[in-house]
Each structure stands twice: as structure tokens, then as C-alpha cells.
Amino acid sequence: MTTAPVPPPGCPAHDSGQPVPLHTAQFAADPHAFYAYMRHHGPATPVELAPGVEATLVTDYGAALDLLQNPAVFRKDPHGWQALSEGRIPADSPVLPLLAPRPNCMFTDGAPHLRLRQAVTDSLARISDIQLSRNVERVAEYLIAQFSARGSADLLNDYAKPFPLFMFNELFGCPPEIGDRVMFGIGGMFDGVNAEQANQVLVQAVGELVALKRDQPGEDVTSWLMEHPAQLNDMEMVHQLVLLLGAGAEPLRGLLGNTLHHVFTNERFARSGLLDEALDDTLWRNPPMANYAPHYPAVDTDVAGHKVRAGELVMVSFAAANASLADQAGSNRSHLAWSAGPHACPSKDPARLITLTAIEHLLNELPDVELAVPEESLAWRPGPFNRALAQLPVRFGPVKPRASAQPQTQQPETPRQPQAPQRSVPSTEQGNAKRPGRWSAFLTWLQG
Ligand code: HEM
């Protein structure tokens, strides 16, 4: 006989019939207790993503696959979201940046989706594994050199967080002054600090990158996207690049952080070198994009018997769906961490390679690295979508960086010499505008 999971602490849903809140500290502290509770009550459950924003969350593996593979009924274009079009979503809701309509492949359906997605997948496919590994290794070497002599680090903020930003600047072919602002913009958007200004800085910088590559194409993803037979115009170019940055940077940071966490907290992986297995185990048990895949039914329908109305927001809990097949974990790669169906992540191979190489390099450089605090004291960032640590403090025997990799003076992620319009750059950054940002410092280091 199975026993019903007790409602997790702080969950009002049990007694009041209220939607389960996913934005609370209680949820961030133990999401799997919430998932078990929801799954016990059915394959789909009403949830609250933020105050005033409700959705249906699918928590069962089979029901999730059915939804993801039924684009005729479940649409991605948020123009079909009734609560949004009726003005019922607060304009300043923290979840809007990840849900509001944008003309990119994530938020389009049918032929327009196919055209944009083909351009994205074909351009990503041109990145060679050799080039990617080389880029990852030099970013790893540089970032590790910034802290290796200290004997301690916060691997989340010193390594996992900047890593994807450096990688994207490399892959997109960003020159120094544009790359500094891309890093500032994307970092600010995800930290929610001056998010609107950060967004403006990012869009401006990416717009300049597009103009630059139209003029001087190179061997980089920006130029390949531009050359694609889909013939993206400048506006489409900017939106696909911002999507690649947005859809890539945050989950990549999460995957690096969550896999490192898994390696440090599991004896089985700690010294075994079974990194591939540790990565797959993380994707099963602790996927960085935990709850997403926003969809809007075109007609009244049901999800495994749970009624949903046309225009309601329906999402998939990749984490809960994986957990509903717990006995499979680690044995194969049929988890839903990359989603499934026509909108599945087009970047899983490069994302895997980046994560594995970055971790391998770190463990090679700092062979005795270990967690510096008890596992229970680690905090996870709140939020309904991502599963990501706030910090990952570690210690290790100090290692002097090689002569070629001396630490740079740490610079904040500020844009250097912002080009017009000046108003798009936050005033606090204007004072720092003459200082090189982190991307410039990296490029200077690369040039020796
Ligand atoms: C190099 C880094 C990455 C890039 C450039 C990238 C890019 C993208 C893009 C463009 C999409 C939208 C595809 C479409 O709608 O047709 C997408 C979807 C997705 N990605 Fe990634 N991604 C990256 C890393 C990751 C990582 C590390 C994860 C987590 C393990 C992840 C999980 C997902 C998921 C679950 C979706 C589906 C979202 C949805 O259904 O709404 N991605 N990704």
C-alpha cells in the first residue's frame, strides 16, 4: 500500500484547494516534496508561478510527452495566452520576461518556427567539437587562474556563472566593447538587477554585433546565422541571438553548478572520473530547467484527463516528470531535461560538451577540490522555472597559475565605452565606462 505524501511545509493547496505556489522559499528548499505531493493528486496540477500568474503544471512523464508531441493542439505562441491578452498579468511580474511574446523560434509555431529553428540548428551544427573544446579549455584556464592561488572559491559565482557568458562571446565572435556589454546585459537580466536597463544594453550590443557581422562576416555563429538560406532580417537576427543567449546562459550555468554539486556530494562520482554518468544523473534528478515549456491549448482539451481550457497556460515540470520514472535514472538518456518534440533544445550536444570539459578541466587543475560547507547549508535560488544553487563554496590546496594565466584584476561586468545611445546604459555604469570589462580583460589575456 502506498501512503499519500504529506503536503510540504508552507503549501496551502492541500486544505484550501489553492494552486500550489512555485515562487516560495519553501518550494526552492525542497521542490521534490512538492512534486511528489502534486503527482499523488494527478498528472497535472494548478500552480501559481508568481502572484497573479496561474498555470497548469504537468508532472507525469507520459502526459508530458503527449503534450510536447502534440503541437496541433498545444501551441507555443504566447499571443494565444488569454490572461495576458486580457491584461490580467501584472505588467511588472517577474515571470513575464520568460513568458511574454518574442519573435523567436521558442515562441512561434508551424512554418515560421521551422524556418527560424532550421537557421538556429544549422548554425549551431557548424561549431566543431575541436573548436568548442579549445574554447572551453581556454575559458576554464582563465577563470580558474582568477582564484586558484586563493585555495577557496565560490564555484557558482566564480566559475559556473561567468562560464557560459565567456563561451557565447567566443562563439558569437564578439569584439571587446560589444562583448563587455553583452556580458553586462545578460548577467543583469538574470539577476533581476536593473533588468529592464540590462535588457536595453543587451539588445543594443547585439544589434551592433549584427551590423558589424553584416559588414565583416567571420567564422562564428552570428555570421553563420546571417548566411543561412532562411535569410533572417536584422530584427530576426537580434531576437534569435538574444534567445540563444537567454535560453543558453541560465540553464548552462545551472547544469554546470548542479553537476558539480552532484560530483561533490556523491562519493560514487567524487573521485571516480565518471563525469558522463554524473551529468546524466543530474539531468534526471536535478534538471536545471525544472519547470518550463509554456504552451497554450488552441481548443478546450485535457491533459491525461485533467481539463484545460483554450488559451490557458500549461507547462511541463521536467523535474517532476523525470522523477515519475525514478527507477530509470542514470540508466539511459530518456529524461526530459532537454524537453522533447518540435521545441526540444537544439543545443544539447554542445551544452554537454561544454559542461563535461569545464568540469574535467577544473578537477584536473584542482585535484583535491571539495565542498567547503555542509551540504545542508547550501541555498538554492527561488523561482518557478530554474533549479540552481545560489553559491557553491569549495576549498583546495592553492595552485599557482601558470605564467600564461596570471589573474587579472577582477572587473565588474560593466560595458566599456558604450556607443550611442548613452541613455541605454545605467548611470552607475557610465562612471566605469572607461574601465575594461571582463571580456576585454580575457581577450587581453589571450593575446598574452
Ligand atoms: C549552449 C547552451 C544552450 C543553448 C544555445 C540553448 C538554446 C535553446 C533554444 C534556442 C531553445 C528553443 C528551441 C525551440 O523552441 O525550437 C531551447 C530550448 C530548450 N532548452 Fe536549451 N539551450 C542551451 C542549453 C540548455 C541546457 C543546459 C538545458 C538544460 C539541461 C537546456 C534545456 C532546454 C529546454 C528544456 C528547452 C525547451 C524549452 C521549452 O520547451 O519551452 N538548454 N534551448
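Numbers given to residues run from 1 along each chain, matching the order in which its sequence is written. Residues qualify for local features only when their pLDDT is at least 70, as the model is predicted, and side-chain atom pairs are given and counted only at 80 or more; totals for whole chains, interfaces and linings, by contrast, use all residues.

## A short note on the overall build of the chain
Quick note on the threshold: Counting from the N terminus, the helices are DSSP H or I runs at least four residues long and the strands are E runs at least two residues long. Counting other C-beta atoms within 10 Å of each residue's C-beta, where C-beta atoms are placed from the backbone, gives the exposure class: buried for 20 or more, exposed for 12 or fewer, partly exposed between. Contact criterion: two residues are in contact if their C-beta atoms, reconstructed from the backbone, are within 7 Å.
The helix and strand inventory of the chain stands at 19 helices and 11 strands. Here the chain holds 448 residues, and 46% of them are scored as buried. Taking all contacts inside the chain whose residues are at least 6 apart in sequence as the whole, residues at least 24 apart take part in 71%.

## Points about the environment of E312
Following the sequence through the fold, E312 ends up in the loop between β8 (306-308) and β9 (314-317). Exposure remark for E312: the 20 C-beta atoms within 10 Å place this residue in the buried category. A sequence separation of 18 residues divides E312 from P294, and the C-alpha atoms of the two residues are 9.9 Å apart. Excluding residues within four positions of it along the chain, E312 makes contact with T56, Q82 and P297.

## Details of the sheet that holds β9
What counts is decided by this rule: Strands are treated as partners if at least two bridges between them are detected by DSSP. A fitted line through C-alpha atoms serves as each axis, taken over the contacting stretch for helices, and the angle formed by two N-to-C directions is quoted from 0 to 180°.
If you walk across this open sheet you meet the 6 strands as β1-β2-β3-β9-β6-β4, and the pairing is mixed. Lying at the two open borders of the sheet, with one neighbouring strand each, are β1 (20-21) and β4 (74-75). For strand β6 (residues 291-297) and β9, the ladder comprises 3 bridges, and the chain directions are antiparallel. Each bridged residue has a counterpart across the sheet, and for N291 the counterpart in β9 is S317. In the packing of helix α4 (residues 61-68) onto the sheet, the strands contacted are β2 (44-50), β3 (53-58), β4, β6 and β9, and the crossing angle to β9 comes to about 130 degrees.

## What about helix α7 (residues 129-145)?
Our working definition: In this scheme, a helix's expected span is set at 1.5 Å multiplied by one less than its residue total.
With 17 residues, α7 should reach 24 Å at 1.5 Å per residue; the first-to-last C-alpha distance of 24 Å fits that figure. Listed in full, the buried residues belonging to α7 are V136, V139, A140, Y142, L143, I144 and A145. Looking at the packing, one finds that the buried side of α7 touches α8 (155-160), α9 (162-172), α17 (348-365) and α19 (438-446).

## Here's the deal with the pairing of β3
The element β3 is extensively covered by neighbouring structure, given that 5 of its 6 residues are classed as buried. Here β2 pairs with β3 via 6 bridges, running antiparallel. What sits directly across from A44, in β3, is V58. Hairpin connection of β2 to β3: 2 residues between the antiparallel strands, including G52 at a positive phi of 85 degrees. Judged from the 3 bridges that link them, β3 and β9 form a sheet pairing that is parallel. Within the sheet, the bridge partner assigned to L57 lies in β9 and is M315.

## Section: the site of the ligand
The line we're drawing: We count a residue as near a molecule or strand when its backbone-placed C-beta atom lies within 6 Å of that partner. Residue polarity is assigned by list, with Asp, Glu, Lys and Arg as charged and Ala, Val, Leu, Ile, Met, Phe, Trp, Tyr, Cys and Pro as nonpolar; anything else, Gly included, falls into the polar class.
What surrounds the ligand is a group of 27 residues, the closest being G248, P251, A293, C345 and S347. If you list the elements that add at least two residues to the shell around the ligand, you get α6 (110-125), α13 (234-265), β6 and α17. Residue contributions to the shell around the ligand peak at 7 residues, all from α13. Per-class residue counts for the shell around the ligand are 22 nonpolar, 4 polar and 1 charged.

## Concerning the environment of N169
Tracing the backbone shows N169 in helix α9. Along the backbone, N169 and M183 are 14 residues apart, and their C-alpha atoms lie at a distance of 8.1 Å.

## Details of unusual backbone geometry
Excluding glycine, most residues fall at negative phi; most peptide bonds, likewise, are trans. Its identity as a non-glycine residue notwithstanding, Q231 has a phi of 50 degrees, on the positive side. Examined against the element boundaries, Q231 turns out to sit in the loop between α12 (221-227) and α13. The exposure class of Q231 is exposed, given the 10 C-beta atoms found within 10 Å. Positive phi, close to 65 degrees, is recorded for S339, a residue that is not glycine. Tracing the backbone through its elements, the reader meets S339 in the loop between α16 (318-323) and α17. Taking the C-beta count within 10 Å as the criterion, S339 has 18 such neighbours and is therefore assigned partly exposed.

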